[in-house]
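What follows is the residue order along each chain.
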Amino acid sequence: ITEERKPNIDFTDPYYDSLQSLLVRADSGITSIEDLSGKNVAVQQGTTGEAYAKENAPADATLVSYPGDGEMWPAIQAGNVDAILQDQPVNIEHERADGTYVIVEEYDTEEQYGFALAKGEKAALLAAVNAALAQLRSDGTYQEIYDTYFSAN
């Protein structure tokens, strides 16, 4: 959900507050973004992760832009990059799937996910989804889902 997209798309209420995160090999010695000096860092082209890395990584870190995680994940496994900086939910799945990799930092970029609908064309669906999200939050189901799928540990 972004202000730039809102004129063209109707969004539901947010269902997820997204963070960016830094994924590295557990034995890399990298514990923070400051440790990326002289390192190759995978980022996804045109994303918040790329923008965050450009603004916050050390000047001598090399940002390697990829089309998506389908290219970044094999790059870190092959040793072509030292870290992946991207949306936390994706890195959580890598951490869960392979204990060789760990998330060492999270970054709050104030992003929220919502469902996107055709602008002005789906008012009933928008209301129904928002009502369902409210119900899931009020009865505790949302928290159960969040804890199962979006918590790193």
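Being a predicted model, the structure only gives us computed values, none of them experimental.

Engineer: Got a sec to walk through the environment of Asn56? Specific residues and values, please.
Structural biologist: Looking at where Asn56 falls in the secondary structure, it is placed in helix H1 (residues 48–56). Look at Asn56 and you get partly exposed, because its relative accessible area is 35%. Measuring from C-alpha to C-alpha, the distance between Asn56 and Ala78 comes to 25 Å, with 22 residues separating the pair along the chain.

Engineer: With reference to specific residues and values, describe the sheet that holds strand S6 (residues 101–113).
Structural biologist: Strands sit in the order S4-S3-S5-S2-S6 across an open sheet of five strands; the sheet is mixed. Whereas interior strands pair on both sides, the edge strands pair on one side only; in this sheet they are strand S4 (62–66) and S6. Across this sheet, the average inter-strand angle for adjacent strands is 20°, counted without regard to direction. Sheet topology places strand S3 (residues 40–44) next to strand S5 (residues 83–87); two bridges connect them, and they run parallel. The residue bridging Val41 from the neighbouring strand is Ala83, located in S5. Along the sheet face, helix H3 (residues 88–97) touches strand S2 (16–25), S5 and S6 and points at about 45° away from the line of S2.

Engineer: I'd love a proper account of the packing of aromatic side chains, names of residues and values included.
Structural biologist: For the structure shown, the criterion picks out seven aromatic pairs. Judged by centre distance (6.2 Å) and plane angle (65°), the rings of Tyr15 and Tyr113 are edge-to-face. One end of the pair, Tyr15, is in the loop between strand S1 (9–11) and S2; the other, Tyr113, is in strand S6, and 98 residues separate them in sequence. Exposure remark for Tyr15: the relative accessible area of 24% places this residue in the partly exposed category. Taken together, Tyr15, Tyr16, Tyr113, Phe115, Tyr142 and Tyr146 form an aromatic cluster joined through their ring pairs. Across the ring face of Tyr142, the terminal group of Arg137 is positioned such that the distance to the ring centre comes to 4.2 Å.

Rules and cut-offs
Residues numbered from 1 in each chain as written. Predicted model: local features only at pLDDT ≥ 70, side-chain atom pairs only at ≥ 80, totals over all residues. Heavy atoms only, no water. Helix = DSSP H or I, 4+ residues; strand = E, 2+ residues; numbered from the N terminus. Buried < 20%, exposed > 50% of the residue type's maximum accessible area, 1.4 Å probe, protein only. Pairing = 2+ DSSP bridges. Axes fitted to C-alpha atoms, helices over the stretch in contact; angles between N-to-C directions. Contact = heavy atoms within 4.5 Å. Phe/Tyr/Trp six-rings, centres within 6.5 Å; stacked < 30°, edge-to-face > 60°. Lys NZ or Arg CZ within 6 Å of the ring centre and 35° of its normal.

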